[in-house]
Amino acid sequence: MREPASWLTKVPNIVRCIYENTECIRMASAQHSLDSLLLLMTDQCPREVVTSLLKLSPSCDSAALAMWEVTLSQPHTLEKVLREVLSKLQDQRLRRMFSSSTEDTCIHHLALLASSDITSEEFAGLYKVQRYLRRPSLVLLSLVLRGLVTLSQRPETAGKMLVLLPDIMETQQDASTDNKMKALLVFRNVMGRMKRKEASPTALQLVEKLLPLFDDESSQLRELSICLFKDVIQMVVGNDKQQMKKNVRRSLLPLFFHMSDQSESVAKASREALLVAAKLLKWKQLKHLTQTQQTCRIGECLLVQDRSRVEEYLSQSLPYLKDAQVTLREAAVRFIGLAARHLRDKSEEKLSEICTALQLLDKDAELSILSLAAQTMLILRCPREQPTSGWTLRALCCWPCKGRQK
């Protein structure tokens, strides 16, 4: 790599070697070296790299897709690759990868976006005619999002991309984890450069899309979605503030639960987001408990602060009883026990429903969860006029559990 002139004539052979081995490499350092080599070749010989990739995998398999994304990950190589792709759009081999006029248009628009010769207004006008991000193929969506992540890092380009955000939102319903990550990075980069008045309507829409991602299997996606949530809820102005407060109230319990996330970075992001939410709602007690990290008292605070939402909180809690993380199942059991005592309608039928949900844990692999669920059901079934043998749901709320031990 130090003397590229000596080996750049062998670009097709090197590209083939990377293509055949990239999915076999497990060491991050080795993969980084391959990516650096591919970027260097793309910078020096973009035509040879593009041509070689098209010959190796016309239909763009997973190895080729990973290599295409590397070439689009840096601004200086992205522009060169787009230029070469545009020049080859009439090539039949490329047609197998980008098989429709809509996808051709997408590549053209991505190249236009990378150009400094088009204004935000001109790009928005062109995009609104085609709306090529509404039904892209999976391959195209992955590549376009990678390109948009790269372009959104440039202030002069990010400003042109506001028109794309609604359609990027719509592509995420059934998207892969990787594509969801890319989309959120685009939102973070673009909205971070917008004025609050301009960002406010988009912030309202985005918050609703972010909430389900708090519980994603990927800890990276959980962290990124929660961090972005924290940022966008501060972007609303005027009448949008009231609607945002309604959305924020729906986030309180998931954020509280994820303060117990086994990923420390997710737990930290959740605590910071809950603090911002408390400030937005002007809930002083919640703000104080979050700042002082009195986690075991936050559940009670939520229930006391907004008694009308107790049943909603209970409904939100139930899916967490099946969560893969022990710490989240534990947090859910504790909270359900507390919330049950705050129900306005403390009918036997309602309490029976709650106990039935808790009984689903009777086969939980974690003994501490089994014990906590059993104690909670015992207390809930006790007549209210009888003592509870020293056990209280408030005490259970801070009862230690093995799931939290390191």
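Look up a bit, the structure's there.
For clarity, every value in this text was computed on a predicted model and none was experimentally measured. (Residues numbered from 1 in each chain as written. Predicted model: local features only at pLDDT ≥ 70, side-chain atom pairs only at ≥ 80, totals over all residues. Heavy atoms only, no water.)

Undergrad: How should I be thinking about the packing of helix α15 (residues 240–258) against helix α20 (residues 326–341) in this particular structure?
TA: Any two packed helices are characterised by how steeply their axes cross, that is the angle between the axes, and by the distance between the axes. Contact pair α15 / α20: the axes reach a minimum separation of 9 Å and the direction vectors enclose 125°. The angle between α15 and α20 places the two elements in the oblique class. Residues L253, F256, F257 and H258 of α15 form the contact with α20, whose participating residues are L328, A331, A332 and F335. Looking at the contact of α15 with α20 residue by residue, the classes come out as seven nonpolar, one polar and no charged. (Axes fitted to C-alpha atoms, helices over the stretch in contact; angles between N-to-C directions. Helix = DSSP H or I, 4+ residues; strand = E, 2+ residues; numbered from the N terminus. Parallel < 35°, antiparallel > 145°, perpendicular 65-115°, else oblique. Contact = heavy atoms within 4.5 Å. Nonpolar A, V, L, I, M, F, W, Y, C, P; charged D, E, K, R; others polar.)

Undergrad: What is the right way to look at the pattern of salt bridges in this model?
TA: A side chain with one charge can pair with a side chain of the opposite charge if their charged atoms come near. Here the structure, examined in full by the defined rule, presents 15 salt bridges. Note that R47 and E84 form a salt bridge whose closest N and O atoms lie 3.3 Å from each other. Residue R47 is found in helix α3 (residues 46–56), and its partner E84 is found in helix α5 (residues 75–87); the two are separated by 37 residues along the sequence. Assessed through its relative accessible area of 10%, E84 is described here as buried. Note that D306 and R309 form a salt bridge whose closest N and O atoms lie 3.8 Å from each other. When its relative accessible area of 14% is taken as the criterion, D306 is described as buried. Among the charged side chains, a salt-bridge network with shared partners connects E69, D178 and K182. (Salt bridge = Lys/Arg side-chain N within 4 Å of Asp/Glu carboxyl O. Buried < 20%, exposed > 50% of the residue type's maximum accessible area, 1.4 Å probe, protein only.)

Geometric values such as these leave the question of function open.
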